[in-house]
Amino acid sequence: MDTRDPLAHFRGRFCLPKTRSGDECIYLCGHSLGLQPKTASSYLEQELRDWDNLGVEGHFHAKNPWMPYHRLLTQQTAALVGALPAEVVVMNSLTVNLHLMMVSFYRPTTERHKILVERGAFPSDQYAVNSQIRFHGFDPVSSLIELTPRKGEAFMRDEDIESLIEREGDSIALILLGGVNYGTGQAFDMAGITRAGQRKGCVVGFDLAHAAGNIPLRLHDWGPDFAVWCSYKYLNGGPGCVGGCFVHERHARAWDMPRFAGWWGHEEKIRFQMGPDFRPMVGAEGWQLSNPPILALAPLRASMEIFSEAGMERLRAKSGSLTGYMEFLLDQQASPKFSVITPREPERRGAQLSIRLRSEGRILCDRMAAQGVIGDWREPDTFRVAAVPLYNSYQDVYRFVQRFSTALS
Ligand SMILES: Cc1ncc(COP(=O)(O)O)c(C=O)c1O
């Protein structure tokens, strides 16, 4: 399979971590932190050099002028998430963007004040949502609804999500779900959820931290109101890299919507007149606050170039095959000591498989790391691994399952 893989050469474009003895690690942690593109340093050095040579003049005269620098990412980002260019902006980090979006899109009233989230949503999302509910004078006890799998099941059924929205929709102000759940790896039916939510008059937003660069997205057509994501997982932008934000075209000129403002969201043509009145830019850029961190954007450009070259369609095809292969090998190891809790249907997951371990999982995970197998552990019982189509091989998957099986026994 590796010999026949049309994307195999992309592995050579990334820095693979090494074990103490100098061998390449089996790196299965792209769902947490993607690997460094080998070209990242040259993109970064260019900006450091321009800063060195030009100082403030770099804003206009750098090789890639810093004033419009973030726009170098717009086309590729829009293509990646299936949006129009004006619907996306690369800015801030995920939780910051989530708050900015909720400031605009979570407008609770006494009749409609609830937020629907998935149980076990990423803690930062839970904190953000709870704090927004309290900020508006409501109480999470009565204003938060959590989607919960049926007893004995690990992930949500689509029909249960739809029927909950149908039942409770009139009191729901905002539906906020992960595109792919960070714990189980379940990919949600974002088109169906958006349709169901909008039928009931709810605002719909998605946290795409585990979806962007992992599964194909068609945000414009699906029609959620907003989405946010980070760029350090499948997008390989580097630790703490700048995140992304989508605001649907229908809100591009929503001047009366409340929003927290900053000068970079102000109409660009008159930004430097330094006037006191805020006039937001059209589209997602109107939610920007600060001038962009060029040194953090540079490595992301390196990575997005590679992404565009590989193409999401080909990446998804390989991803399905790699993950399917991992599942097949794990099935052959069938043991009461573990179970895979990620959905089995390829269209209901991305690259990640979540392995629930009955006991001593943490020790097993550490044992694997000592042998150069890098996945990660999520309390209380889950070992997460992702074979990432840009840089993982079928051989990685084979070796991983061999070592997993040895470590288990
Ligand atoms: C699903 C999800 N939401 C939110 C976050 C927090 O992101 P940030 O630290 O960029 O705000 C993460 C980080 O891993 C995440 O996986």
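Now for a quick tour of the structure. (Residues numbered from 1 in each chain as written. Predicted model: local features only at pLDDT ≥ 70, side-chain atom pairs only at ≥ 80, totals over all residues. Heavy atoms only, no water.)

## A short note on the packing of helix α4 (residues 94-105) against helix α5 (residues 123-135)
Describing two packed helices takes the angle between their axes plus the distance from one axis to the other. Note the cut-off: The convention used is that axes are lines fitted to C-alpha atoms, helices contributing only their stretch in contact, and that angles between N-to-C directions extend from 0 to 180 degrees. Starting at the N terminus, helices and strands are each numbered in turn, a helix being any DSSP run of H or I of at least four residues and a strand any DSSP run of E of at least two. Small angles under 35 degrees read as roughly parallel and large ones over 145 as roughly antiparallel, with 65 to 115 read as roughly perpendicular and the rest as oblique. Each crossing gets its hand from how the near helix is turned against the far one by less than a right angle, where anticlockwise is left-handed and clockwise is right-handed. Any two residues whose heavy atoms approach within 4.5 Å at even a single point are treated as in contact. Throughout, the ten residues Ala, Val, Leu, Ile, Met, Phe, Trp, Tyr, Cys and Pro are labelled nonpolar, Asp, Glu, Lys and Arg are labelled charged, and all others, Gly among them, are labelled polar.
Running from N to C, α4 and α5 cross one another at 30°; their axes reach a closest spacing of 10 Å. Between α4 and α5, the interaxial angle falls into the category roughly parallel. Crossing of α4 against α5: the hand is right-handed. Packed against α4, whose contacting residues are Thr95, Leu98, His99, Met102 and Val103, the element α5 presents Ser124, Asp125, Ala128, Val129, Ser131 and Gln132 at the interface. In terms of residue class, the contact of α4 with α5 is built from 5 nonpolar, 5 polar and 1 charged.

## Notes on helix α11 (residues 312-332)
Count 3.6 residues to each turn of an α-helix, and residues three or four apart come out pointing the same way. For clarity, the threshold we go by: Under the convention used throughout, the expected extent of a helix is 1.5 Å for every residue step, that is, one less than its residue count. We call a residue buried when its accessible area falls under 20% of the maximum for its residue type, exposed when it is over 50%, and partly exposed in between, using a 1.4 Å probe and counting protein chains only.
Relative to the 30 Å expected for 21 residues at 1.5 Å per residue, α11 spans 30 Å between its end C-alpha atoms, a close match to the ideal helical length. Taken as a whole, α11 has its buried residues at Met312, Leu315, Arg316, Lys318, Ser319, Leu322, Thr323, Met326, Glu327, Leu329 and Leu330. Those residues of α11 hidden inside the fold are in contact with α3 (74-81), α10 (294-310), β11 (338-340), β12 (352-357), β15 (382-386) and α13 (394-408).

## Describing unusual backbone geometry
The amide bond that connects Glu379 to the next residue, Pro380, takes the cis arrangement and shows omega of 5°. Here Pro380 is to be found in the loop between β14 (376-378) and β15. If you check the backbone angles, Asn236 has positive phi at about 55° while not being a glycine. Structurally, Asn236 can be placed in the loop between β9 (226-229) and β10 (244-247). In this structure Asn236 comes out as buried when scored by relative accessible area, which is 2%. A positive phi angle is found at Met274, which is not glycine, with a value near 60°. Assignment of secondary structure puts Met274 in the loop between β10 and α10.

## With respect to the environment of Leu176
Examined against the element boundaries, Leu176 turns out to sit in strand β7 (residues 172-178). According to the relative accessible area criterion, Leu176 is buried, its value standing at 4%. In the structure, Leu176 is positioned 166 residues away from Phe10 in sequence and 34 Å away in space, judged by C-alpha atoms. What Leu176 contacts, discounting residues up to four positions off in sequence, is Leu98, Ile115, Leu116, Val117, Glu118, Val129, Gly205, Phe206, Asp207 and Phe226.

## Some thoughts on the packing of helix α12 (residues 361-370) against α13
The contact between α12 and α13 brings their axes to 10 Å, and the two run at 130°. Taken together, α12 and α13 sit at an angle that is classed as oblique. Pair α12 / α13 crosses with right-handed handedness. Taken together, the residues of α13 that come into contact with α12 (itself represented by Leu364, Arg367 and Met368) are Phe400, Arg403, Phe404, Ala407 and Leu408. The class makeup of the residues in the contact of α12 with α13 is 6 nonpolar, no polar and 2 charged.

## Some thoughts on the site of the ligand
Note the cut-off: If even one non-hydrogen atom of a residue comes within 4 Å of a molecule or strand, that residue is called near it. In protein, a polar contact means a hydrogen-donor-capable atom and an acceptor-capable atom, both N or O and within 3.5 Å, with residues adjacent in sequence counting only if both atoms are side-chain atoms; elsewhere, any N or O pair within 3.5 Å suffices. Working definition of accessibility: Shrake-Rupley area with a 1.4 Å probe, residue cover restricted to the visible protein chains.
The ligand sits among Ser93, Leu94, Thr95, Phe122, Asp125, Asp207, Ala209, His210, Tyr232 and Lys233. At a separation of 2.9 Å, a nitrogen atom of the ligand approaches a polar side-chain atom of Asp125. In the complex, 81% of the free accessible area of the ligand, which totals 400 Å², lies under the protein chains.

## What about the sheet that holds β7?
To be explicit about the condition: If DSSP finds at least two bridges between two strands, the strands pair.
The sheet built from 7 strands is open, its strands ordered β4-β10-β9-β8-β7-β5-β6 with mixed pairing. This sheet does not close on itself; its edge strands, each paired only once, are β4 (88-90) and β6 (144-147). Each adjacent strand pair in this sheet contributes to an overall mean axis angle of 15°, direction not counted. Alignment of strand β5 (residues 114-118) against β6, held across 4 bridges, turns out to be parallel. From the neighbouring strand, Ile115 faces β6, where its bridge partner is Leu144.

## Observations regarding the side chain of Gln186
With respect to the secondary-structure elements, Gln186 resides in the loop between β7 and α8 (190-199). Once residues within four sequence positions are removed from consideration, Gln186 is found in contact with Phe155, Met156, Gly179, Val180, Asn181, Pro343 and Arg348.

## Observations concerning the pairing of β9
Of the two faces of β9, the one lined by Phe226 and Val228 and the one lined by Ala227 and Trp229 are each fully buried. Bridging between strand β8 (residues 203-207) and β9 involves 3 bridges; their strand directions are parallel. Note on β9: the bridge partner recorded for Asp207 is Val228.

## Topic: the environment of Arg71
With respect to the element layout, Arg71 can be found in the loop between α2 (58-61) and α3. Residue Arg71 is classed as partly exposed on the basis of its relative accessible area, which comes to 30%. Each C-alpha atom, one on Arg71 and one on Val90, is 8.2 Å from the other, the two residues being 19 residues apart in sequence. Beyond its immediate sequence surroundings of up to four residues, Arg71 is in contact with Glu268, Met281 and Glu285. Of the polar contacts made by the side chain of Arg71, one reaches the side chain of Glu268; its length is 3.1 Å.

## A few points about the packing of aromatic side chains
Stated precisely, the cut-off is as follows: By convention, a stacked pair of Phe, Tyr or Trp rings (six-membered ring in the case of Trp) has centres within 6.5 Å and planes under 30 degrees apart, an edge-to-face pair has planes over 60 apart, and any other such pair is tilted. A ring is considered to have a charge above it if a Lys NZ or an Arg CZ atom is located within 6 Å of its centre and within 35 degrees of its normal.
Throughout the structure, instances matching the rule amount to 13 aromatic pairs. Taken together, a centroid distance of 5.5 Å and an interplanar angle of 70° make the contact between Trp263 and Phe272 edge-to-face. Judged by its relative accessible area of 37%, Trp263 falls in the partly exposed class. Pairing Phe383 with Phe400 gives two aromatic rings, centres 6.3 Å apart and planes at 50°, and the pair type is tilted. On the criterion of sequence distance, the pair formed by Phe383 in strand β15 and Phe400 in helix α13 is long-range, its members being 17 residues apart. Just as Phe383 is buried, Phe400 falls in that class too. Here the aromatic cluster, defined as three or more aromatic residues joined through ring pairs, consists of Phe338, Phe383, Phe400 and Phe404. Across the ring face of Trp287, the terminal group of Arg259 is positioned such that the distance to the ring centre comes to 3.8 Å. One cation-aromatic arrangement involves Arg271 over Trp264; the distance from NZ or CZ to the ring centre is 4.1 Å.

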